[in-house]
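Given next are the chains, with one letter for each unit.
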Amino acid sequence: MRAIAAVFPFRTNSYVVDELIDWADPLHDPIFRLTFPQRGMLAAADQARMERLLRDGAPAERVRAAANEIRGRLNPHPAGQVELNEPTLGGRPVPGVQHKYAETVLIFPRPGQTCHAYCQYCFRWPQFVGEPGMKIATDDVPATVAYVRAHPEVTDVLLTGGDPMVMGSAVLRRYIEPLLAVEHLATIRIGTKSLAYWPHRFVSDTDTDDLLRLFEEVAAAGKHLAIMAHVSHPRELASATVRAAIQRIRATGAVLRCQAPLIRGVNDDPAAWAGMWQESVRQGMVPYYMFVERDTGPQQHFAVPLLRAYEIFRDAYDQVSGLARTVRGPVMSALPGKVCIDGVAEIAGESVFVLRFLQARDPGQVGRPFFAHRDPAAIWLTDLKPALGASTLAP
Ligand SMILES: *Cc1c(COP(=O)(O)O)cnc(C)c1O
Ligand code: SF4
């Protein structure tokens, strides 16, 4: 476990440990697997190398150098985030901002680049390892606002991380308040795991009331506040604290949506998703995305093959009412865009995946079905081969 924690960041908290994990059989507990390092996350050779260094009491800088070398091979910034998504304004880069799809700008507030507890499959893990140059972040609020103002096509801003909800309310306010005056902006989204991992944030933290007032101000300014809650397992919606948190957020006029990746050994089971979607709807949240585990970090350990992912999605989807079928998935957030696996089919004697872009760098690709050869072992878009005699995958 130490060898793995030397490469991937690890952090947990009292709420996760005391209220979410069932300690009767921790190694098979979904929330334990969500938050504690486990064998298999590193390739065998890397695991052996880190164990050797730690056993031999190697100096800290050698351990760090080895960890960094391994991290560098694990695709720390998937889908071209750093090279392709960082925009410019007046010819100068705007760091800590990403703009991939026309309507939505992502902002990474510097004080929000951590989480209350870390998911072991996290695709943002380079944000936490403390190596300069690996982190995407900004504290230049005027530059982010100027960028949004200069782009009338932008309707949505997404504050992301890490988890922006680790920020104190006064700090969060610095990022949100100036956006309220941007006329063309319709929605402010906040991506957060706090609802699941630290619901006290919305109930009993010292600055909770100020936070909820800020949420109310977004609605009063005529904008939609969308809380994009990262919810991985129905158990995360079961405590009295989380229920109270959801009711308090909803009372501000904000809308909660929930999304999560499909993770082997955590939620690779239709009952978990159907339960999560049903419980979300019951508590007034809108199911939004089921993601595919991304091609970074310990992907090999946590990935579910695309074919299996599709079956789990379909088996869960057919158990819930239409109000929960707002969910879309399984979705790969890949280099060219968000690709949904819509189904499998037999076409002209060939077994194929039916795919569709929900979002694309090239907007002309959105909503057009395309096909890939049905490979039961494929875990990511880059594993797929064109089908039906096509020479490329994309539509
Ligand atoms: C998912 C995502 C968005 C938001 O897409 P929606 O379909 O509008 O939810 C925006 N930017 C990036 C980079 C994303 O990955
Ligand atoms: S909440 Fe998101 S950013 Fe934070 S550790 Fe989990 S996956 Fe990573």
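Summary of the structure given here. All figures in this text were calculated on a predicted structure; none of them were measured in a lab. (Residues numbered from 1 in each chain as written. Chains lettered and ligands numbered in written order. Predicted model: local features only at pLDDT ≥ 70, side-chain atom pairs only at ≥ 80, totals over all residues. Heavy atoms only, no water.)

1. Quick word on the site of ligand 1
Then, in step 1: Taken together, the residues surrounding ligand 1 are Lys100, Tyr101, Thr104, Leu106, Arg189, Tyr288, Tyr289, Ser333, Lys338 and Gln359.
Then, in step 2: Contact distances for ligand 1 include 2.8 Å between an oxygen atom and a side-chain N or O atom of Arg189.
Then, in step 3: Residue Tyr288 places a side-chain N or O atom 2.7 Å away from an oxygen atom belonging to ligand 1.
Then, in step 4: For ligand 1, whose accessible area on its own is 390 Å², the fraction buried by protein is 87%. (Near = heavy atom within 4 Å. Polar contact = N/O pair within 3.5 Å; in protein donor to acceptor, adjacent residues only side chain to side chain. Areas by Shrake-Rupley, 256 points an atom, 1.4 Å probe, with all protein chains shown as cover.)

2. Topic: the site of ligand 2
Then, in step 1: Taken together, Cys115, Ala117, Tyr118, Cys119, Cys122, Phe128, Gly162, Lys193 and His230 make up the full set of residues near ligand 2.
Then, in step 2: At a threshold of 2 Å from the grid points, most atoms of ligand 2 map onto the largest pocket.
Then, in step 3: Grouping the amino acids of the shell around ligand 2 by side-chain chemistry returns six nonpolar, two polar and one charged. (1 Å grid on protein atoms, 1.4 Å probe; cavity = no way out; pocket = protein on both sides within 12 Å on 5 of 7 lines; lining within 4 Å. Sits in = over half its atoms within 2 Å of the grid points. Nonpolar A, V, L, I, M, F, W, Y, C, P; charged D, E, K, R; others polar.)

3. Some thoughts on the nonpolar core
Then, in step 1: Grouped together as the largest cluster of nonpolar side chains are 89 residues, with contacts concentrated most on Met50, Leu195 and Phe215.
Then, in step 2: For this core, the leading source of residues is helix H10 (residues 208-220), giving five residues.
Then, in step 3: Not counting chain neighbours up to four residues away, the residues in contact with Leu195 comprise Phe202, Ala229, Val242, Ala245, Ile246, Ile249, Leu256 and Met285.
Then, in step 4: Counting residues in hydrophobic clusters, the runner-up holds 19 residues, among them Phe353, Ala360, Phe370 and Leu381. (Core = buried A, V, L, I, M, F, W, Y, C linked by side-chain atoms within 4.5 Å. Buried < 20%, exposed > 50% of the residue type's maximum accessible area, 1.4 Å probe, protein only. Helix = DSSP H or I, 4+ residues; strand = E, 2+ residues; numbered from the N terminus. Contact = heavy atoms within 4.5 Å.)

4. Structural notes on the pattern of salt bridges
Then, in step 1: Scanning the model with the defined rule gives 20 salt bridges in all.
Then, in step 2: Notably, a salt bridge pairs Arg201 with Asp205, separated by 3.8 Å at the nearest N-O pair.
Then, in step 3: Between Arg308 and Glu311 there is a salt bridge, with the nearest N and O atoms lying 3.4 Å from each other. Of the two residues, Arg308 and Glu311 both sit in helix H14 (residues 306-317), three residues apart, roughly one turn of that helix.
Then, in step 4: What makes Arg308 partly exposed here is its relative accessible area of 35%.
Then, in step 5: Several salt bridges converge on common partners, so that one network encompasses Arg173, Glu177, Asp210, Arg213 and Glu217. (Salt bridge = Lys/Arg side-chain N within 4 Å of Asp/Glu carboxyl O.)

5. A short note on the packing of aromatic side chains
Then, in step 1: According to the stated counting rule, one finds eleven aromatic pairs in the structure shown.
Then, in step 2: Summarising the aromatic geometry, the rings of Phe10 and Phe36 are spaced 5.4 Å apart at their centres and angled 45° between planes, so their arrangement reads as tilted. Highlighted residues: Phe10 in the loop between helix H1 (2-5) and helix H2 (14-20) and Phe36 in the loop between helix H3 (30-35) and helix H4 (44-55), separated in sequence by 26 residues.
Then, in step 3: Owing to a relative accessible area of 11%, Phe36 belongs among the buried residues under this scheme.
Then, in step 4: Seen in terms of ring centroids, Phe357 and Phe370 are 5.3 Å apart; in terms of plane orientation they differ by 20°. Their pairing is stacked. Of the two residues, Phe357 is situated in strand E12 (residues 350-360) and Phe370 in strand E13 (residues 369-373); the sequence distance between them amounts to 13 residues.
Then, in step 5: Residue class for Phe357 comes out buried when judged on its relative accessible area of 2%.
Then, in step 6: The class of Phe370 is buried, set by a relative accessible area of 5%.
Then, in step 7: Among the aromatic side chains, those forming a connected cluster through ring pairs are Phe10, Trp23, Phe32 and Phe36. (Phe/Tyr/Trp six-rings, centres within 6.5 Å; stacked < 30°, edge-to-face > 60°.)

6. A few points about the packing of H4 against helix H5 (residues 60-72)
Then, in step 1: In contact at an axis separation of 10 Å, H4 and H5 are set at 170° when each is read in the N-to-C sense. Between H4 and H5, the angle is such that the two are roughly antiparallel. Here Asp46, Arg49, Met50, Leu53 and Leu54 of H4 lie close against H5, whose contacting residues are Arg62, Val63, Ala66, Ala67, Glu69 and Ile70.
Then, in step 2: Of the residues that constitute the contact of H4 with H5, the class distribution is seven nonpolar, no polar and four charged. (Axes fitted to C-alpha atoms, helices over the stretch in contact; angles between N-to-C directions. Parallel < 35°, antiparallel > 145°, perpendicular 65-115°, else oblique.)

7. Some details on the environment of Ala226
Then, in step 1: Counting through the fold element by element, Ala226 comes out in strand E7 (residues 224-230).
Then, in step 2: Exposure remark for Ala226: the relative accessible area of 1% places this residue in the buried category.
Then, in step 3: Separated by 35 residues in sequence, Ala226 and Gly191 have C-alpha atoms that sit 8.5 Å apart.
Then, in step 4: When residues no more than four places from it in sequence are discounted, the contact partners of Ala226 are Thr187, Ile188, Arg189, Ile190, Val255 and Arg257.

8. So, helix H8 (residues 169-176)
Then, in step 1: By the burial criterion, the buried members of H8 are Ser169, Leu172, Arg173, Tyr175 and Ile176. Buried residues along H8 cover an arc of 160° about the axis, so they all sit on one side.
Then, in step 2: Residues of H8 that are buried in the fold lie against helix H7 (141-149), strand E5 (156-159), strand E6 (187-192) and H10. (Arc of directions from axis to C-beta.)

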